[in-house]
Structures are given as structure tokens and as C-alpha cells.
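Structure at a glance
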Amino acid sequence: MTPGAPATFLRLEGVVKRFGDFTAVDDLSFAVAPGEVFGFLGGNGAGKTTSLRMVLDILRPDRGSIDVLGKPPGRGASAKLGFLPEERGLYRTMTAIETIVYFGRLKGMSAGDARREGLTLLERFGLGDFAKTTVDKLSKGMAQKVQLATAIVNKPQLLILDEPFSGLDPVNQGLLEDEILGAAKNGAAVVFSTHVMQHAERLCDRLLFLAHGRKQFEGTQDGARATLPVRLTLVSQQSPATLAGVLGATEIGTPSEGWQAWDVQLARGGNPDDLLQQCTAQGFALRRFEQNRPSMHEVFLHIVGGAEARP
């Protein structure tokens, strides 16, 4: 980080946004550091897009503060900011390279620099032969790559992506994931909103769960998983329910030479290592002892499901 650079590239403190009697964002605070991929996760209507529009100065908060690259939101940070909106649209009569240069110029780049970087991106995205093709002649997948190039042509320090995987085919999803990881590796802070947990699971250093405009959780993936009770699969000859500290032992298999598979949920705060030690101490024979790692989808439903059900 250069001397004098902010320790965080994005910070929200107590942000509130209302539309009439409806509160879209309710006392939201979080921060994103350089080199971090931050997942902004929630269902439809959770307040994700409204929050990002305030960061981009499209909307103004009713209360609270927002800091973007050490400054309030506005044009002052646009040269170092990249944005890929959920609702995408390009000028159909412009060529691919003209489109990228246009957006680069809006971000303060010279025409020459924007063209050089744009051509590099088109080559990287497999579109080098289509630089002079107008957008209306490109396939949907090609146009999506051009749109991505407009967001990163200025090599932003803060890259904001609103539902970026929506409508992408698997090939372009992989391309976008590579660009997200590459931007973070080069020191950018990346914020992307999504309701598809698989992308967050593969990419995020930290994440925030949002429901009805309110933060339900912020932290690492391991921290999010720790909100769920620990579940294990045991293969034994007797029920693990006899072991102290085990809740909800449920048979999930059929006997095989006296051995059975059991789904075991530990008591809140239970430690699998302690249970294994207890099995050994009590002579509780095991053929299998495996901790089941919950998916981020399961974690999301656990943390956000109840909040979304509330009016």
C-alpha cells in the first residue's frame, strides 16, 4: 500500500436509506480492505443494490457516512473505481474497442491508454478479432465480456459488481471469477453482490448477509459456518446417542455386519475432537468419524432464513 493510502478502500458507518415509509437499508456498517474479496449476500429485495448505489453516489443516504477510497462518494473517486451493474447495456452501434475507450475516458483515462488497455483485455477475453465489430453484431456472451472490460479498463482499486454472474454462461462465469481473483491479487478491494452462494463460497475472503436492509452476519466463511451446530457422520456398532454431549443422533443407513451409519449433531459449542477422545476413552468402536462441512447455501438459509420470514 502506498504511503497515505486508506487502510480500507470502502467503509459504511450507520447508513440508512428510506423511500417514504419503507426502510431499504437499516443502520448498515461494514468495511472492505485492499486485496479483499467481499461478498455482499442477500435475497431479492434485501437492500444490496440500494447500498451499492449509495456507494456510487447514485443515491444519497438519509443517515450515516460512506467513505470510498478515502473520500466521500462522488466523481473524485471515479478514476479508481470500477462498476459492473446488474442491469447491463452497451451502445449497440459502437464497436467493442470504442465502447471500452468511451468508458475509460469517463474514468479519466487518456484515449491512448484506454485503447491500449482495451485491446489487451479483448485479447485476454478471446475477442481480439472483434475489436472493430459493433456491439449489435456480437453474441450475448461476447457483449458480456465487453461489458466486463468497461468495468476494469482503468485497473480499479475498488471494483463493485452487482449480481455479476446473472445471465452468464459457465465459460463467462469462470472468466469473471478469474478476473475477480486477479483484481484482488493485484491489491484491489472487490465487492460483489449475489444471491447465489456457490460463487461466494469459491471467492470470498469475508462476507456479509443482508435481510430487509439489516446486517445479519459479517465475517469469514468459517465464522459463518460456526453459527451452525457441528454435524458428523459416524459408523459404529452402537448408537452414539449414549455418548454425553451428543444431540439428535439419527440413523441414516442400514446395518452391515452390525455396523450402522449415524448422523450426529453436537450440542452447541461441542468439539469433534473432544467427542473422538471420548469415543476412545469409552472403547466406542468406530469405522468412520467424519465432520460434515455445511455449504454456504445451508449457512445462508440458517442465518438469513428466519430474518427474511419476518415482515
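Above this text sits the structure in question.
Residues numbered from 1 in each chain as written. Predicted model: local features only at pLDDT ≥ 70, side-chain atom pairs only at ≥ 80, totals over all residues. Heavy atoms only, no water.

Turning next to unusual backbone geometry. Even without being a glycine, Lys155 presents a positive backbone phi close to 50°. Tracing the backbone through its elements, the reader meets Lys155 in the loop between helix H4 (140-152) and strand E6 (158-162). Residue Lys155 is classed as exposed on the basis of its relative accessible area of 62%. Look at Glu163: it is not a glycine, yet its phi comes out positive at around 45°. Mapped onto the fold, Glu163 is located in the loop between E6 and helix H5 (170-185). (Helix = DSSP H or I, 4+ residues; strand = E, 2+ residues; numbered from the N terminus. Buried < 20%, exposed > 50% of the residue type's maximum accessible area, 1.4 Å probe, protein only.)

Right, let's talk about the sheet that holds strand E4 (residues 63-68) for a bit. Ordered in space as E2-E1-E4, the three strands form an open sheet in which the pairing is antiparallel. Of all the strands in the sheet, just strand E2 (22-32) and E4 have a single pairing partner and so form its edges. Strand-to-strand twist of the sheet, defined as the mean angle between neighbouring strand axes without regard to direction, takes the value 20°. In this structure, strand E1 (residues 10-19) lies alongside E2, joined through seven bridges in antiparallel fashion. If you follow Arg11 over to E2, its bridge partner there is Ala31. Relative to the sheet, helix H1 (residues 48-55) contacts E1, E2 and E4, its axis offset from that of E1 by approximately 115°. (Pairing = 2+ DSSP bridges. Axes fitted to C-alpha atoms, helices over the stretch in contact; angles between N-to-C directions. Contact = heavy atoms within 4.5 Å.)

All told, the structure shown has one cavity of 30 Å³ or more when counted by the stated rule. Empty space within the largest cavity amounts to approximately 70 Å³. Considering the residues around the largest cavity, the lining is formed by Leu84, Arg88, Gln144, Lys145, Gln147, Leu148, Leu168, Asn172, Leu175 and Leu176. Mapped by element, the contributors of at least two residues to the lining of the largest cavity are H4 and H5. By residue number, the principal contributor to the lining of the largest cavity is H4, which donates four residues. When grouped by side-chain class, the residues that make up the lining of the largest cavity number five nonpolar, three polar and two charged. (1 Å grid on protein atoms, 1.4 Å probe; cavity = no way out; pocket = protein on both sides within 12 Å on 5 of 7 lines; lining within 4 Å. Points joined across faces, edges and corners; volume = space filled by probe spheres on them. Nonpolar A, V, L, I, M, F, W, Y, C, P; charged D, E, K, R; others polar.)

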